[in-house]
Amino acid sequence: MSHPIRKAVFPVGGLGTRFLPATKAMPKEMLPIVDKPLIQYAVEEAQAAGIEEFIFVTGRSKSAIEDHFDRSYELETTLRERGKDAQISAVTSCMPSPGQIAYTRQQDPLGLGHAVWCARNLVGDEPFAVLLADDLILADKPCLAQMVDAYRDEPGTYVAVMEVPRAHTNRYGILDIAGERGRLVQVKGVVEKPDPAVAPSTLSIIGRYILVPEVFHHLEHTQRGAGGEIQLTDALAQIIARNRLPFMGLRFAGRRFDCGDKAGFLEANIAYALARPDMAPDVRRILAEYH
């Protein structure tokens, strides 16, 4: 019987330099898509997948994230006095219950692998999810829920994957594929940001993972890789080499937006606004004016 996925790690310690000056005093994860910050979409996706414990790996100047997932009694009192029940629900519905959120610091900016390793004592000895808020996925069924379903059928390590242009393989972790079974891909290797000429495929990992606790051991002994950072991809390669459990990629159903990129962030705002009946007509009218 597989161990349920109860915990999720959210690496939110990055500086968000591509969005300066907007991110000088505000975490990039608090940038809004329509009327919700990126990190709230990630937390709601985790909740929809059955996650019970939410672990944030933060850095300096990230207190706005903690405040967002806390009660604001002054705001709630004011809204209540004005009869704004819908707004009260909007600011309280996403908050996990007391004791479900934990925070730990990534004191040094050493990359995604290091950020995940910083959560080791809070995760403990059980499988867990990792969600990168920069990767926003618009889907009928949330991406992580799709992955959890696959994990229940066949426990192991899972990554969400999508095809990318060959010219862009040097931006992603790229899979070496052993075989395919429907939307699942059996993985025999993974390479971080390979040159397009030598990339083993064009199937890229995006920011959703289900990992086994063994990954912490490999991260602890992983040397700095691409970009001088401790790469999660390098630890995943070690898990594949040990071959103790299946390592699978899931071609998720949905559309991914790279919100760490300015154009991707703008596109996400448009797509999410068009998906809302209360906004779609006005957004279509505005877009038509720019043809």
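Keep in mind that what you see is a predicted model, and the values were worked out from it rather than measured.

S.K.: Describe the overall build of the protein chain, naming the residues involved and giving the relevant values.
M.R.: Secondary structure summary: the protein chain contains eleven helices and 13 strands in total. On C-alpha atoms alone, the protein chain measures out to a radius of gyration of 19 Å, which is about the 19 Å that the 2.2 N^0.38 rule sets for 291 residues. Overall, the C-alpha framework of the protein chain stretches about 60 × 50 × 40 Å when taken along its three principal axes. Looking at the protein chain residue by residue over its 291 residues, the buried ones come to 48%.

S.K.: Tell me about the pairing of strand β4 (residues 53-58), residues and numbers included.
M.R.: By the criterion of burial, β4 is predominantly enclosed, with five of the six residues buried. Strand direction decides the pairing type here: strand β1 (residues 7-11) and β4, joined by five bridges, are parallel. Paired with A8 across the two strands is F54, which belongs to β4. Where β4 and strand β5 (residues 101-105) come together, five bridges link them in parallel fashion. Counterpart to F54 in the pairing with β5 is I101.

S.K.: Hey, could you go over the layout of surface pockets for me, with residue numbers and the actual values?
M.R.: The volume enclosed by the largest pocket comes to roughly 1200 Å³. Along the walls of the largest pocket sit 41 residues, with R18, K28, L112, L132 and D134 positioned nearest its centre. Going through the elements one at a time, α5 (112-117), β11 (203-211), α9 (232-242) and β13 (255-258) are the ones with two or more residues in the lining of the largest pocket. The greatest single-element share of the lining of the largest pocket, amounting to four residues, is contributed by β11. Here the residues of the lining of the largest pocket are counted per class, giving 16 nonpolar, 13 polar and twelve charged. What the second largest pocket holds in volume is close to 310 Å³. Lining the second largest pocket are 21 residues; nearest its centre among them are G13, G14, L15, G59 and R60.

S.K.: Run through empty space enclosed by the protein, naming residues and quoting values.
M.R.: In this structure the tally under the stated criterion is one cavity of 30 Å³ or more. Lining the largest cavity we find T157, V212, E214, I239, R242, N243, R244 and L245. Here the lining of the largest cavity is composed, by residue class, of three nonpolar, two polar and three charged.

Reading the values: the criteria
Residues numbered from 1 in each chain as written. Predicted model: local features only at pLDDT ≥ 70, side-chain atom pairs only at ≥ 80, totals over all residues. Heavy atoms only, no water. Helix = DSSP H or I, 4+ residues; strand = E, 2+ residues; numbered from the N terminus. Rg over C-alpha atoms; globule rule 2.2 N^0.38 Å. Buried < 20%, exposed > 50% of the residue type's maximum accessible area, 1.4 Å probe, protein only. Pairing = 2+ DSSP bridges. 1 Å grid on protein atoms, 1.4 Å probe; cavity = no way out; pocket = protein on both sides within 12 Å on 5 of 7 lines; lining within 4 Å. Points joined across faces, edges and corners; volume = space filled by probe spheres on them. Nonpolar A, V, L, I, M, F, W, Y, C, P; charged D, E, K, R; others polar.

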